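Close look at the chain arrangement
Here are the chains, one letter per residue:
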Amino acid sequence: MTPAPFPAARMRRLRRTRALRELVQENGLSAADLIWPVFIRDGEHIEEPIPSLPGVNRLSLDRLLPAAEQALTLGVPAICLFPYTDPALRTETCEEAWNPENLTNRAIRALKAEFPELMVMTDIALDPYNANGHDGFVVNGEIVNDETVEALVKMGLAQAEAGADILGPSDMMDGRIGTLRLALEAESYRDVAILSYAAKFASGFYGPFRDAVGASGRLVGDKATYQINPANRDEALACVARDLAEGADMVMVKPGMPYLDICRAVKEAFHRPTFAYQVSGEYAMLMAAAMNGWLDEEKVMLESLLAFKRAGCDGVLSYFAVKAAMTLHN
Ligand code: PBG
C-alpha cells in the first residue's frame, strides 16, 4: 500500500514522540530471542580472556554455573557450549569428541542439574578435538564425509545422553542431519531438538572463534570444500530445504549481518524456526570500533540484533546475549 502524496501523508507524524514511535514499531527484540554462546575450559576458578573477543572469557565449569544463572535470570532461555580442548586430547582420530566424560558433556550435566529450565545447546563438529583444526576427519589431505558423519552421530548421542536439549551440527557434512535424527529416534532421544547450521558459509568472520577454541594455529588450509561459497544463495536455500527434510527442527544462517538477505529468503521460503549466528568476527568488529570510541557499543549492539528480527529470524546466537539482555532489562 503506497502512502498518500504529500501533504496528506507526512511520515514524520508518527515519529513525533517516543510513544507514537513505539506504538507503530514493527519488530522487537527481547531477551527471549537470544542464545548465548559460551566458551568453556578445564580447571577451576578460571575466566580466561580471549584477546580477539574483548569481554568474552573461557570459563571453567565452576564459573560457568553462575554465568548461566545470570543469563537465565535476565531471561536468556538458552546457552550454547563451545569447548577449548586440552591440546593433549586433540588427535587425528578425535575420539575425545564422543567421550561421555569430555568437557562439554560434563558441562551439560552440571548445567542441567542446577538449572533444568535453561536450554542447553551444543555444537557438533570435530574441530575442537581435531589435531588439524577441521570439522571432519582428514584422510590424505581430504575431509572425508561419511566417516565423519558416523563420528558426529556418536558425538551427538553422547551429548543427548548427557542431557543436551538442542544439538547444533555445525560441520556441513552431507547426510548428517538425517543420520543423526534416525540415531536419536533409535536411542529414544525423541525430544532432543536439532538446530542445524544449515546455511553456513565459508567465511572470514570466524577468526576470533577459532582463536577461542584453539583451532586457529592448527587449521591446515580452509573449509571451502564443505562450507558454502559466500556468493551462493540458491545453494544456501537448497541446504536448508535438505536439512528440514532430514529432520532439523530449526535452521541457522551463519554468519549473520553480511547474510541478512539469506535470513529473509529462508524465512519466506520455509516458514520454519530460523536463527542467525552473529559470529565472532561480527562481535569483534563492533567491539573494536566501540573500544576506539568510533561507535556507541550499546546502540550498535541492539541495532544489529534487532536487524535479525526484521530480516525474519526468530532468534539470534550472539556473544552480546547477556549484555543485551541486561540493557533490555533496564
Ligand atoms: C565450527 C564452528 C565455527 C563456529 C561455530 N562452530 C567455526 C568454523 O566453522 O570454523 C563459528 C562461530 C563464530 O565465529 O562465532 N564447527
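Residues numbered from 1 in each chain as written. Predicted model: local features only at pLDDT ≥ 70, side-chain atom pairs only at ≥ 80, totals over all residues. Heavy atoms only, no water.

1. Some thoughts on the overall build of the protein
Defined as follows: Runs of E in the DSSP output that reach at least two residues are strands. Runs of H or I that reach at least four are helices, and both are numbered from the N terminus. C-alpha atoms define the radius of gyration, and 2.2 Å times the number of residues to the power 0.38 defines the globule rule. Burial status follows relative accessibility: with a 1.4 Å probe on protein chains alone, a residue under 20% of its type maximum counts as buried, one over 50% as exposed, and anything between as partly exposed. In what follows, a contact means two residues having at least one pair of non-hydrogen atoms within 4.5 Å. Calculation of accessible area relied on Shrake-Rupley with a 1.4 Å probe; when residues are assessed, cover is drawn exclusively from the protein chains displayed. This count recognises Lys and Arg as positive and Asp and Glu as negative, with His and chain-terminal groups excluded. The atom standing in for a charge is NZ when the residue is Lys, CZ when it is Arg, CG when it is Asp and CD when it is Glu.
Secondary structure assignment for the protein yields 11 helices and 12 strands. Against the globule reference of 20 Å for 330 residues, the protein gives a C-alpha radius of gyration of 20 Å, in line with a compact fold. The dimensions of the protein, computed from C-alpha atoms along their principal axes, are 70 × 45 × 40 Å. Per-residue burial for the protein yields a buried fraction of 54% across its 330 residues. Of the contacts formed within the protein by residues at least 6 apart in sequence, a portion of 74% connects residues at least 24 apart. When the accessible surface of the protein is split by element, carbon and sulfur atoms take 54% of a total near 14,900 Å². For the protein, the distance from the average position of its 32 positive side-chain charges to the average position of its 45 negative side-chain charges is 11 Å.

2. Things to note about helix 11 (residues 321-329)
Within the sequence span of helix 11, burial applies to Ala321, Val322, Ala324, Ala325 and Thr327. Packing partners of the buried residues in helix 11 comprise strand 1 (34-41), helix 2 (61-73), helix 10 (297-310) and strand 12 (315-318).

3. Description of the site of the ligand
To be explicit about the condition: The cutoff for a nearby residue is simple: one of its non-hydrogen atoms must lie within 4 Å of the molecule or strand. Each polar contact in these results corresponds to two N or O atoms within 3.5 Å; when the atoms are within protein, one needs to be able to donate a hydrogen and the other to accept it, and residues that are neighboring in sequence are counted only if both atoms are side-chain atoms. Residues are sorted three ways: Asp, Glu, Lys and Arg are charged, Ala, Val, Leu, Ile, Met, Phe, Trp, Tyr, Cys and Pro are nonpolar, and all the rest, Gly among them, are polar.
Around the ligand, 18 residues are found, and the nearest of them are Lys200, Arg210, Lys254, Ser280 and Tyr319. Side-chain polar atom of Lys223 to an oxygen atom of the ligand: 2.7 Å apart, as the coordinates give it. Here an oxygen atom of the ligand sits 2.7 Å away from a polar atom, N or O, in the side chain of Ser280. Protein contact buries 100% of the 410 Å² of open area that the ligand shows by itself. In the shell around the ligand, the residues fall into eight nonpolar, three polar and seven charged.

4. A look at the environment of Pro51
As for its placement among the helices and strands, Pro51 is situated in the loop between strand 2 (47-49) and strand 3 (57-60). For Pro51, a relative accessible area of 80% puts it in the exposed group.

5. Some thoughts on the pairing of strand 12
Filter applied, for reference: At least two DSSP bridges between two strands are required for those strands to pair.
Covered by surrounding structure in strand 12 are Gly315 and Leu317 together with Val316 and Ser318, the residues of both alternating faces. Two strands pair when backbone bridges link them, and strand 1 and strand 12 are joined in this way by two bridges, in the parallel orientation. Along strand 12, the bridge assignment pairs Ile35 with Leu317.

6. Regarding the packing of helix 9 (residues 280-291) against helix 10
Stated formally: For helices, the fitted line uses only the C-alpha atoms of the stretch in contact; every axis is such a line through C-alpha atoms, and the angle between N-to-C directions lies from 0 to 180 degrees. Roughly parallel means an angle under 35 degrees; roughly antiparallel means over 145; roughly perpendicular covers 65 to 115; every other angle is labelled oblique. Here a crossing is called left-handed whenever its near helix is offset anticlockwise from the far helix by less than a right angle, and right-handed whenever the offset is clockwise.
Taken N-terminus to C-terminus, the directions of helix 9 and helix 10 make an angle of 155°; their axes are 9 Å apart at the nearest point. Here helix 10 runs roughly antiparallel to helix 9, going by the angle between their axes. Seen along the crossing, helix 9 lies across helix 10 with a hand that is right-handed. Contact residues: Glu282, Leu286, Met287 and Ala290 in helix 9; Glu297, Val300, Ser304 and Phe308 in helix 10. Classifying every residue of the contact of helix 9 with helix 10 gives five nonpolar, one polar and two charged.

7. Observations regarding unusual backbone geometry
The residue after Phe6, namely Pro7, is reached through a cis peptide bond having omega 10°. Tracing the sequence through the fold places Pro7 in the segment before helix 1 (18-23). A cis geometry characterises the amide bond from Lys254 onward to Pro255, with omega recorded as -5°. Looking at the element boundaries, Pro255 is found in the loop between strand 10 (250-254) and helix 8 (260-270). Even without being a glycine, His45 presents a positive backbone phi close to 55°. One non-glycine residue with positive phi stands out, namely Cys94, at about 60°. Positionally, Cys94 belongs in the loop between strand 4 (78-83) and helix 3 (103-114).

Nothing here speaks to function; it is all geometry.
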